[in-house]
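Spelled out, the chains give:
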Amino acid sequence: MIRQILTLATATFLLAGCQPKVEAPAETRVGFIYVGPRTDFGYNYAMDQGRMAVEKDLGVKTVFFENIPENAEVERVMERMIADGIKIIFPTSYGYLDPALNVAAKHPDVKFMHAGGFKLAPNLGTFFADIDEVEYLSGMAAGASTKTGKLGFIAAHPIPQTLRNINAFTLGAQSVNPKATMTVVWTGSWSDPTKEAEAANTLADQGVDVLTMHVDGPITIAQTAEKRGIMVCGYHADASSFAPKGWVTGAAWNWAPLMEKIVKSIHDTTWKSVHLRGKLSDGYVKMASYGPVVPESVKPKIDSVKKAYETGAKLWSGPILDQAGTIVLAAGDTLPMAKIESMNFLVKGVVGSLK
Amino acid sequence: MEILEIVLAIFLSGLRAATPLLYVLLGETVTERAGIANLGVEGQMLSGACAGFAVTAVTGNPWLGLVAGAFAATLLSCVHAFLCLVVGANMFAAGVAVWVLGGGLSAFFGIPFVGKRIDGFIPPDFGALGQLPLLGTLLRTLTPTVLLGLALWAATGWFLYRTRSGLRLRAVGESADSAATMGVAVKRVKWLAILAGGAFSGLGGAALSVDQVRNWIEWMTAGRGLVAVGLVIVARWNPWLALPAALLFGVVEALTLRMQTWGVPISSYLLSTFPYLVCLAVLVWGYVRARTRGGMPRDLAQAFARTE
């Protein structure tokens, strides 16, 4: 038994040597925590782009921690940051909400801005942005680029956020290509590259020629699409370098203006504990660059829809039919925000399970 | 014709998914045949995937990547061998230590390589042949790591059952005491079996990151190393059954992905348990039919009997 304990203790000791260390100079004021690597060309990469802009434009020092799991570990990281004199913390993963609330209660002088959460504390607010309008615009580009009319969506879990993206993308594609269909494959994990590659191959085998995704990192799917000679629309960030031939475009976050606004408001003490939300018209989300496969003719159409959204047009307006062809939203009606945020249907033309 | 195409496509997808598992399965079979169970293969696979990707990214040569992957995991299996054979630690605890160690080390040393781009094995241009529906799919699937895996499968089977060294290795696993009285250097055989298991699982990890996925991300094996440990039991410690066992898992996994694209109204979560359920069913069926211990090396069975 003692031998077993020693064995495990040795491993733990060796591992402890690999943990990131706080090397924050005293003037550092803003800390960022990421659930995955900041170079994933995905969710964490987009957050880190925001951090770098804050550092450059506002002249403040930042520190970041990557690969921090959503458990007690993140509380320890936040405590260490605070012990080092950091006064503003961005816990950027959804699962950091409760740990952040715990730490916030102990340190009322430190401000927390959590990404996407739905709870508040006097010194904890949240920020996020709606990306479905950009998904619609990407869908338009995909619908105009496809030759077979078959699109594929690889997503982690059937939750309202992914259903919104799938539906918005499909509606966008159908707006320029009414016959376009969308096949959905769920991988059951935000990050399982093996399954993502297999899902991409499976879809390619069946004549799907434009893939898009809602998983943590777009690299595996973009590379597999490129290898199979089909096209790909990205998510989270511009990953066109991984699919130079088949890149269409993609929906990307643009956190810099929102993060800068938050940090400025804390500096000039106008900050309030609220749920900050933005969308395309605020510039918090954007389209990635166009790839070589997108026909020129569709670009002005995309621009005009983008303008319409920026001046108040609503994406979720009827008529919208579900998979079975039943009317979910009658012509002339619009979906209220609460209904959008709890979306539980897939639109007509989507092949895929809701569970 | 169309049905034939679908069946072939599913089979080949299954073969692709089964290949990394096959390597690990063969390695663990060799190790367990020498009487040592290694639960650390998940960590070894991760270190192989990380080192393989890193070396491919730096040198641009995927073959060097495979070698590096095998080497990195062999180093980790040295830790396992040291703990089991020199320190005398419990093999299961030592395996778990190697698992955690491999995961942590690969996550740490892998950080600079996340988001790097590699080309892996660039497929040769098959010309008109590649355009043919059945043959084209077949040619695209038989990548170097798939072919290497099949070759190693045959080589391992031949080694264990047709060579004197293979016989010695099996003797050590059945009864180390008897093997020792026959003049077999038991510790040496066990060391080599553990190191071979490490090299195989490293190759499996590198096949995943360098050839199939061409991406590295921490913990990317997502439990496939442990699946391979389970499949050793399904294959009843027989290297010849390693391929069918890995294929069974791979093909059912490919089929469940395909079923999603057909719009089968079953929850994707339930579908993704099918590969495990089918393997479990085959395992139970095999044991009921054989009414035996199922081919577990006798000394290894002792290790289970001894655990408190």
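Residues numbered from 1 in each chain as written. Chains lettered and ligands numbered in written order. Predicted model: local features only at pLDDT ≥ 70, side-chain atom pairs only at ≥ 80, totals over all residues. Heavy atoms only, no water.

## Topic: the nonpolar core
One finds A:Phe90, A:Phe127, A:Leu211, A:Trp253, A:Trp255 and A:Trp316 to be the most contacted residues of the largest nonpolar core, which totals 93 residues. Not counting residues within four places of it along the chain, the set of residues in contact with A:Trp253 comprises A:Tyr43, A:Ala46, A:Phe128, A:Ala129, A:Ile131, A:Tyr235, A:His236, A:Tyr284, A:Val285 and A:Lys286. Of all hydrophobic cores here, the second largest spans 55 residues; its members include B:Leu85, B:Val213, B:Trp216 and B:Met220. (Core = buried A, V, L, I, M, F, W, Y, C linked by side-chain atoms within 4.5 Å. Buried < 20%, exposed > 50% of the residue type's maximum accessible area, 1.4 Å probe, protein only. Contact = heavy atoms within 4.5 Å.)

## Focus: the pattern of salt bridges
Residue and element names in this part refer to chain A. This structure, assessed with the given rule, holds 18 salt bridges over all chains. A salt bridge links arginine 51 to glutamate 55; the shortest N-O distance between them is 4.0 Å. Taken together, the positions of arginine 51 and glutamate 55, both in helix H2 (residues 43-58) and four residues apart, correspond to about one turn of that helix. With a relative accessible area of 31%, glutamate 55 lands in the partly exposed category. Between aspartate 205 and arginine 228 there is a salt bridge whose closest N-O contact spans 2.8 Å. In this pair, aspartate 205 sits in helix H7 (residues 193-205) while arginine 228 sits in the loop between helix H8 (219-227) and strand S9 (231-236), placing the two residues 23 residues apart along the sequence. (Salt bridge = Lys/Arg side-chain N within 4 Å of Asp/Glu carboxyl O. Helix = DSSP H or I, 4+ residues; strand = E, 2+ residues; numbered from the N terminus.)

## Re the environment of A:Ile131
Along the polypeptide, A:Ile131 turns up in the loop between strand S5 (124-129) and helix H5 (132-145). Setting aside residues no more than four positions away along its own chain, A:Ile131 makes contact with A:Asn165, A:Tyr235, A:Ala251, A:Ala252, A:Trp253 and A:Val285.

## Description of unusual backbone geometry
The omega torsion across A:Gly318 and A:Pro319 is 0°, close enough to zero to call that bond cis. Residues other than glycine seldom take positive phi values, yet A:Thr269 does so here, at roughly 55°. As for its placement among the helices and strands, A:Thr269 is situated in the loop between helix H9 (255-267) and strand S11 (275-278). For B:Trp219, which is not glycine, the phi torsion reads 55° and is therefore positive. Following the sequence through the fold, B:Trp219 ends up in the loop between helix H9 (186-212) and helix H10 (224-234).

## What to know about helix H4 (residues 91-110) of chain B
The terminal C-alpha atoms of H4(B) lie 27 Å apart, and with 20 residues this matches the ideal 28 Å at 1.5 Å per residue to within 8%. Capping the start of H4(B) is the job of one residue whose side-chain oxygen sits 2.7 Å from the backbone nitrogen of B:Phe92: B:Asn90. (Expected span 1.5 Å × (residues − 1). Polar contact = N/O pair within 3.5 Å; in protein donor to acceptor, adjacent residues only side chain to side chain.)

## Some remarks on the confidence of the model for chain A
Of all residues in chain A, 92% attain a pLDDT of 70 or more, and the chain-wide mean is 90. Low pLDDT, under 50, characterises residues 16-27 of chain A; the predicted model gives this stretch 13 contacts beyond four residues in sequence or across chains. (pLDDT = per-residue confidence, 0-100.)

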